[in-house]
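Here's the letter readout for the chains.
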Amino acid sequence: HPDPTEIQRQGNIGDLPFFRRHDPPTQGTLNLGGTSWVATVATVEPHDWKILSLKRRSALLSEVAGGIGLLVVLLTALYVVFAFRLIRDLRLRVGDPLKALAASLRRVAAGEYGPPLPHRHDFTELDTMNDTFMLMSDRVRQRETDLKRERAFVGTVIDAIPSALFALDREGRV
């Protein structure tokens, strides 16, 4: 007991439940002198001595609250680290490939057909979008080439026809 005078005033400490002969508890709470205590009993063999260790309940609760507070701080820090890792991974695995695909779309819209984007293989959906875009880009490029070829042919035909003026009367005669 932390207060020796309290031990001297205790009439019979053997009346406490921790000192019973049959199945004494090893832990519990006591109310001594208006103060609540948490008690733990250890037995010393071979003499069957019992050592009673007491701690004020309020002190124990403040230690537990401090431990819980520390646990909350550590869990919050772990959560923040996890959240930043998740954001970083999403940016690297999804955001950056989508930015590259959008830049490629802008180049194709401007008439520039570059090489296909590399496959990242992190998300097959992005690879599927990239493959579909590249297929569409190749088709647009081929149609544009065909259209230029047809325009060149039509221009050549028009240039080969001699220019002439025809005059028609009301009856459609030359």
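Draft legend 1. Local environment of the overall build of the protein. Broken down by element type, the protein carries three helices and three strands. Secondary structure elements of the protein, listed N to C terminal, follow the sequence α-β-β-β-α-α. Per-residue burial over the protein gives 12% buried out of 174 residues.

Draft legend 2. Up close: the sheet that holds strand 1 (residues 27-32). Across the sheet, which stays open at both edges, the three strands sit in the order 1-2-3 with antiparallel pairing between neighbours. A single partner strand is all that each edge strand has here, and the edge strands are strand 1 and strand 3 (49-56). Strand-to-strand twist of the sheet, defined as the mean angle between neighbouring strand axes without regard to direction, takes the value 35°. Relative to strand 3, strand 2 (residues 35-44) runs antiparallel, the two sharing eight bridges. In the sheet register, T43 faces strand 3, and the bridge partner there is K50. Against the sheet, helix 2 (residues 57-109) touches strand 1, strand 2 and strand 3, its axis set at about 70° to strand 3.

Draft legend 3. Region of interest: the nonpolar core. By size, the foremost hydrophobic cluster in this structure holds seven residues: L30, L32, W37, A39, V41, L52 and L54. Listed by contribution, the elements that provide at least two residues to this core are strand 1, strand 2 and strand 3. Top contributing element to this core by residue count: strand 2, with three residues. Counting five residues, the second-largest nonpolar core is a separate cluster that includes L101, V108, L117 and F133.

Draft legend 4. Quick peek at the pattern of salt bridges. Across all of its chains, the model carries five salt bridges by this definition. For E63, the salt bridge goes to K55, with nearest N and O atoms at 2.7 Å. The exposure class assigned to K55 is partly exposed, which follows from its relative accessible area of 34%.

Draft legend 5. Fine view of a nonpolar patch on the surface. On the surface, F153, V154, V157, I158 and I161 cluster together into a nonpolar patch covering about 490 Å² of accessible area. Along the chain, F153 turns up in helix 3 (residues 124-160). With relative accessibility at 57%, the residue F153 sits in the exposed group.

Scoring rules and cut-offs
Residues numbered from 1 in each chain as written. Predicted model: local features only at pLDDT ≥ 70, side-chain atom pairs only at ≥ 80, totals over all residues. Heavy atoms only, no water. Helix = DSSP H or I, 4+ residues; strand = E, 2+ residues; numbered from the N terminus. Buried < 20%, exposed > 50% of the residue type's maximum accessible area, 1.4 Å probe, protein only. Pairing = 2+ DSSP bridges. Axes fitted to C-alpha atoms, helices over the stretch in contact; angles between N-to-C directions. Contact = heavy atoms within 4.5 Å. Core = buried A, V, L, I, M, F, W, Y, C linked by side-chain atoms within 4.5 Å. Salt bridge = Lys/Arg side-chain N within 4 Å of Asp/Glu carboxyl O. Patch = residues over 30% accessible without salt bridge, like charges linked within 9 Å, V, L, I, M, F, W, Y side chains within 5 Å. Areas by Shrake-Rupley, 256 points an atom, 1.4 Å probe, with all protein chains shown as cover.

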